[in-house]
Amino acid sequence: MNVMWFRSDLRVYDNPALSAAMKSGDTVAVFCLTPKQWDEHKVSPAKLSLLMRQVRALATDLKKLNVPLLVLNTKEFANTASHLVSIAKNLAATQVFFNIEYEINEIRRDEQVIQALAKAGVAAQRLHDQCMVQPGAILNGTGESYKVFSAFKRAFLGKFYDVVRPLYNRPDPQRVLAVQSDLLQLEEIAIESRWESLWPAGEDEAHERLNRFVEQDIRAYDTRRDIPALAATSTLSPYLAIGALTTRQCMQAAISENRGVLDGGQNGVAVWMNELIWREFYRHLLVFYPRLCRGKPFKSETDGLPWKHDQALFLQWCNGQTGVPIVDAAMQQLLQTGWMHNRLRMVTAMYLTKDLFIDWRWGEAFFMQHLVDGDFASNNGGWQWSASTGVDAVPYFRVFNPVRQSQRFDPAGTFIRQYLPQLKSLDNKRIHDPDPQQALRLGYSLPLVNHRLAVEQTKSWFKALNDGVTLANTAERQEELKFA
């Protein structure tokens, strides 16, 4: 008898651990609810809703394989080991299978589980599933992880077929077991119903979105992906975040659409593959630089910057009241849908860190608290890229002008009008940068800062840091960091 421990891999297709467990013998599946840990990790209501509904969908899919699913409420990671040992003993199981997670708290939890199982005489079998290529399989000439994305991508594509993990089909059904599924504990987790229609659960839903994107939108992805008013992106990130779908499946679909070409080929397909490799890159970094999971920047020296910790200013950004229409519309999209267009994630993050000069960790946490696709590696990587604190980040002197971004990617103001209806009467030129009198008359905020002056100040702080000047880093500022 085997136990399959599901975590962020809630699917039956392309699941290495599930396939290995069922190949090895009769299998019972387990999922652990950890509400206290989810709170600490800032799991959003939107993601929690999708996660809980996906567990139910998984139970239905597993039933077709005659695999019962037991849902346990362990409250937090610290209790997981004792619960799994108890389940293994009750089932007389000899092995527990699970797929590896790379965040530091998850790694520590898994080590505790492995040790506890070993004491009970139960073997733990770990497999890689989140990455297409196992972290450590692609290293630079000195045996270290790549710190530049372009170099990582070249190595990734060059060695892909030699090191990529295989795809796994859905396992064949096993014999019917005496154990019955038990989902009763799911009732203890309160979820908001409003997310259900926006983000339906189910492995079938994830695959339908993937197929639809590949059939209809991927070939124009390179020219349409930056236009937020268009439904031109895959919207697969929520399903990747909970493991209803894998990047390996996505890459295979892209390769097939690209007629087997891995590097180059059709422009739209190649650009989307590039996004999948970025996701891979950020995950590999967590393994080699665990400080990223501890709220630390990759560039340690940037902790010497005098980041602002103005809560009133921060809340205006959170609520979409900055006086910059494209920023405020993007924040409204996040608050209303639990998702934000990727171009606008960069625009809003750079506005917070470069215009308002507020600590990137505050923005990183806020996104996690609201995103349906909250994923630590991708979110952290994106925020550190925008703040110029991360590996291969945008240079500090390259700063988006949000008004120009708006004019370029939402020229008719279509996206702004959708999320800021109070501005819909403005013409296509003025909607990107309302006249102060117009803004006040329409009940809209005035800009919090002057973009040019604010960015000049930000650049001066970065330059001083690069020149070796010690900037203010007071005990009071360190205390304020706890807000994040």
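Before going into details, it helps to say that this report is about the structure given with it. No experiment lies behind these values; they were computed from the predicted model shown. (Residues numbered from 1 in each chain as written. Predicted model: local features only at pLDDT ≥ 70, side-chain atom pairs only at ≥ 80, totals over all residues. Heavy atoms only, no water.)

Moving on to the packing of helix α6 (residues 149–163) against helix α11 (residues 247–257). Closest axis-to-axis distance for the α6/α11 pair is 14 Å, and the angle between their directions is 95 degrees. In terms of their interaxial angle, α6 and α11 are classed as roughly perpendicular. Counting all contacts with α6, which are made through F156, F160 and Y161, the residues of α11 involved are R248, M251 and I255. By residue class, the composition of the contact of α6 with α11 is five nonpolar, no polar and one charged. (Axes fitted to C-alpha atoms, helices over the stretch in contact; angles between N-to-C directions. Helix = DSSP H or I, 4+ residues; strand = E, 2+ residues; numbered from the N terminus. Parallel < 35°, antiparallel > 145°, perpendicular 65-115°, else oblique. Contact = heavy atoms within 4.5 Å. Nonpolar A, V, L, I, M, F, W, Y, C, P; charged D, E, K, R; others polar.)

Across all of its chains, the model carries 22 salt bridges by this definition. The closest approach of N and O atoms between D110 and R7, which form a salt bridge, is 2.9 Å. With D110 in helix α5 (residues 104–119) and R7 in the loop between β1 (2–6) and α1 (16–24), the pair connects residues that are 103 residues apart, well separated along the chain. Under the relative-accessibility criterion, D110 is labelled buried at 4%. Two residues, K463 and D467, come together in a salt bridge whose shortest N-O distance is 2.8 Å. Among the residues examined, D467 registers a relative accessible area of 52% and is labelled exposed. Residues joined in a network through salt bridges with shared partners are R7, E101, R109 and D110. (Salt bridge = Lys/Arg side-chain N within 4 Å of Asp/Glu carboxyl O. Buried < 20%, exposed > 50% of the residue type's maximum accessible area, 1.4 Å probe, protein only.)

What follows covers unusual backbone geometry. One non-glycine residue, D14, lies in positive phi territory at about 50 degrees. Among the structural elements, D14 can be located in the loop between β1 and α1. Taking the relative accessible area as the measure of exposure, D14 reaches 1% and is therefore buried. Positive phi values are uncommon outside glycine, yet A92 reaches one of about 55 degrees.

Now for the sheet that holds strand β3 (residues 69–73). In sheet architecture, strand pairing relies on hydrogen bonds along the backbone and comes in two forms, parallel and antiparallel. As summarised here, the arrangement of the five strands in space is β3-β2-β1-β4-β5, forming an open sheet in which the pairing is parallel. Here the strands that pair on one side only, and so sit at the sheet edges, are β3 and β5 (123–127). Here the strands of the sheet are splayed against their neighbours by 25 degrees on average, with no regard to which way each runs. Where β1 lies against strand β2 (residues 27–33), five bridges are found, and the strand directions are parallel. The residue of β2 that forms the bridge with M4 is A29. Those strands touched by α1 are β1, β2, β4 (95–99) and β5, and its axis lies near 160 degrees from that of β4. This element, α5, spans β1, β4 and β5 of the sheet and lies at about 150 degrees to β5. (Pairing = 2+ DSSP bridges.)

Our focus in this paragraph is the nonpolar core. The biggest cluster of nonpolar side chains holds 128 residues, and the ones touching the most others in it are L62, F156, M251, W272 and W317. Residue contributions to this core peak at 10 residues, all from helix α12 (residues 267–288). The residues touching M251, leaving out its near neighbours within four places in the chain, are M132, F156, F160, L262, M273, L276 and I277. One finds W5, V30, V85 and A88 within the second-largest nonpolar core, a separate group that totals 21 residues. (Core = buried A, V, L, I, M, F, W, Y, C linked by side-chain atoms within 4.5 Å.)

What follows is about the pairing of β4. In terms of residue burial, β4 counts as a mostly covered element, since five of its five residues are buried. Along β4, one buried face is formed by Q95, F97 and N99 and the opposite face, lined by V96 and F98, is buried too. Of the strand pairs in this sheet, β1 and β4 are connected by three bridges, and their pairing is parallel. Of the residues in β4, the one forming a bridge with V3 is V96.

The subject of this paragraph is the side chain of D9. Mapping D9 onto the fold places it in the loop between β1 and α1. Despite being buried, D9 has no salt bridge partner; R7 is the closest side chain of opposite charge, sitting 5.2 Å away. Within the local environment of D9, its side chain forms a polar contact with the side chain of N99, the two groups lying 2.7 Å apart. Those residues in contact with D9, other than ones at most four positions away along the chain, are M4, N15, N99, D129, I242 and G243. (Lys, Arg positive; Asp, Glu negative; His and termini not counted. Polar contact = N/O pair within 3.5 Å; in protein donor to acceptor, adjacent residues only side chain to side chain.)

So, about the side chain of D355. Its location among the elements puts D355 in helix α15 (residues 342–355). For the buried residue D355, which engages in no salt bridge, the nearest side chain bearing the opposite charge is K354, 8.5 Å off. Here H451 takes part through its side chain, which lies 2.7 Å from a polar atom of the side chain of D355.

It is worth stressing that arrangement in space is one thing and function is another; only the former is reported here.
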